[in-house]
Amino acid sequence: MNDHDHGHPHEHHDHGGRAAGRWHRLTHVVPHSHDSRTKIDPALESSRDGLRALWISLLGLGATAVAQAVVVVLSGSVALLGDTLHNVADALTAVPLAIAFLLGRRAATRAYTYGYGRAEDLAGIVIVLVIAGSAVAAAWTAVARLLHPADVTHLPWVAAAGLVGFVGNETVARYRIRVGRRIGSAALVADGLHARTDGYTSLAVVAAAGGAARGWRWADPVIGLVIAVAITVVLKDAAREVYRRLMDAVDPDLVDRAETTLRAVPGVRDVTAVRLRWIGHRLHAEADLVVDADLSLLAAHEIAADAEHQLTHAVPRLTTATVHTDPDSHPGGHHHTALSHRRRQAAHRPAEPSATRHA
């Protein structure tokens with residue numbers, strides 16, 4: 001846990017003089033949640049970092065594809081043509097991701113109360129589909145070349161273009177994956193993995209050119225099939241990452257860190273529940289705490305505020321948290337239904353008739 005000095009003087013509040021039942025009814029209708037500017041600004045900054053990574057990688061892959069296209073025209077290499085088209089498709093995946101990052105920066109509305117961060121996860125689905133299409137295209141092209149062999153000219157230029165493709169893709173892949181992991185974007189990481197498979201495809205073009213130089217007409221299609229298998233492996237990893245994000249999966253270590261942080265907050269008797277979920281590349285938390293039953297509402301509010309603040313410092317990329325407090329006389333959410341029914345029954349119970357005065 002990161003100790004954080006708030007620098008806010010606190011007045012002493014009376015912790016007694018309240019019945020546990022009345023305290024419980026008051027605190028259960030006032031959950032505590034903060035979403036301050038100090039937390040939103042880093043989230044917006046992470047979106048800017050993601051957009052910057054997308055535009056830089058788009059320019060890098062675009063330049064790589066243009067250089068390869070020139071060699072395709074000169075050599076007539078079908079393998080290099082496939083690699084060039086693959087690089088173009090990889091560059092264009094930046095478009096849905098960029099749209100998602102821009103949408104994610106929009107403020108929440110009455111209809112989209114959590115904002116538009118989920119657009120990033122939908123963009124991740126598009127990227128996975130593009131990777132799948134690349135695997136199918138690579139396998140289809142390789143089989144077609146096996147059935148219909150063809151000669152390739154300008155082999156040194158083809159090999160050089162393959163090296164250019166590898167360097168360009170690997171550079172973009174490292175950049176996307178690094179930024180994606182830093183800002184917590186599963187979609188950007190998946191896009192980086194996609195660029196890495198394109199780099200391997202480009203290296204395979206070099207190997208195919210070497211085989212063609214030796215007169216091995218089968219080298220190009222066989223290597224193409226190997227590439228298709230490699231893309232399928234990366235597809236599995238990218239699909240798993242995006243699936244986990246869509247299903248609100250988080251690293252269990254983050255949950256452990258959150259629980260440890262909350263238990264260390266003065267006044268917290270127990271932590272009955274901690275829930276974390278990703279909304280785009282930002283984390284949101286919900287926590288249920290147990291505190292003393294004789295606390296005043298204001299004292300319980302202070303504990304919740306302290307817990308929420310410490311939580312946002314301890315868990316990376318956590319921008320919002322909702323903290324709920326239960327008295328130790330009624331810990332856990334399973335008491336809520338019975339308490340609600342009891343309160344409603346008391347509110348609708350008819351008043352007792354007053355005593356009649358006899359003359």
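Whatever comes next refers back to the structure up there.
We now turn to the structure provided with this report. (Residues numbered from 1 in each chain as written. Predicted model: local features only at pLDDT ≥ 70, side-chain atom pairs only at ≥ 80, totals over all residues. Heavy atoms only, no water.)

Overview of helix H10 (residues 297-314)
Side chains three or four residues apart in an α-helix point the same way, a direct result of the helix having 3.6 residues per turn. The cut-off we apply is this: In this text, helices come from DSSP runs of H or I with a minimum length of four residues, and strands from runs of E with a minimum of two, each type numbered from the N-terminal end. An expected span of 1.5 Å times one less than the residue number is assigned to each helix. Exposure is judged per residue with a 1.4 Å probe applied to protein chains only, and the accessible area is read against the type maximum: over 50% gives exposed, under 20% gives buried, and values in between give partly exposed.
Taking 1.5 Å of rise per residue, the 18 residues of H10 would be expected to cover 26 Å, and the 26 Å separating its terminal C-alpha atoms lies within 8% of that figure. Those residues of H10 that sit buried are Ala299, Ala300, Ile303, Ala304, Ala305, Ala307, Glu308, Gln310, Leu311, Thr312 and Ala314.

Here we look at empty space enclosed by the protein
Spelled out, the test is: A cavity, in this analysis, means grid points on a 1 Å lattice covering only the protein atoms where a 1.4 Å probe fits yet has no way out; a pocket is instead an open set bounded by protein on both sides within 12 Å along at least five of seven lines, and a residue lines either one if it has an atom within 4 Å of a point. Grid points are joined across faces, edges and corners, and a volume is the space filled by probe spheres set on the points. Gly is placed with the polar residues, together with every amino acid not listed as nonpolar (Ala, Val, Leu, Ile, Met, Phe, Trp, Tyr, Cys and Pro) or charged (Asp, Glu, Lys and Arg).
Taken as a whole and assessed by the stated rule, the structure comprises two cavities of 30 Å³ or more. Taken as a whole, the largest cavity spans an internal volume of roughly 60 Å³. Lining of the largest cavity is provided by Ser47, Ala100, Phe101, Gly104, Gly117, Glu120, Ile279, Gly280, His281 and Arg282. The element best represented in the lining of the largest cavity is helix H4 (residues 94-104), accounting for three residues. Residue composition of the lining of the largest cavity, grouped by class: three nonpolar, five polar and two charged. As for the second largest cavity, its lining consists of Glu120, Asp121, Ala186, Ala187, Val242 and Arg245.

Re the packing of aromatic side chains
For clarity, the cut-off: We call Phe, Tyr and Trp rings a pair once their centres come within 6.5 Å, taking the six-membered ring for Trp, and we label the pair stacked below 30 degrees between planes, edge-to-face above 60, and tilted otherwise. Working rule: Lys NZ or Arg CZ, within 6 Å of ring centre, within 35 degrees of ring normal, means a charge sits over the ring.
Under the definition given, this model contains one aromatic pair. Cation over ring: Arg106 sits above Tyr116, and NZ or CZ is 4.6 Å from the ring centre. Note that Arg245 overlies the ring of Trp278, its terminal NZ or CZ placed 4.2 Å from the centroid.

Focus on the packing of H4 against helix H5 (residues 118-147)
Each pair of packed helices can be summarised by the angle the axes make with each other and by the distance between the axes. What counts here: Axis lines are fitted to C-alpha atoms, over the contacting stretch for helices. Their N-to-C directions set the angle, which ranges from 0 to 180 degrees. The scheme is simple: roughly parallel for angles under 35 degrees, roughly antiparallel for over 145, roughly perpendicular for 65 to 115, oblique for anything else. What makes two residues a contact is simply this: any of their non-hydrogen atoms within 4.5 Å.
Contact geometry for H4 and H5: axes closest at 8 Å, N-to-C directions at 175°. With respect to their mutual orientation, H4 and H5 come out roughly antiparallel. Judged by residue contacts, Pro96, Leu97, Ala100, Phe101 and Leu103 of H4 engage Ala119, Glu120, Ala123, Val126 and Ile127 from H5. Here the residues of the contact of H4 with H5 sort into nine nonpolar, no polar and one charged.

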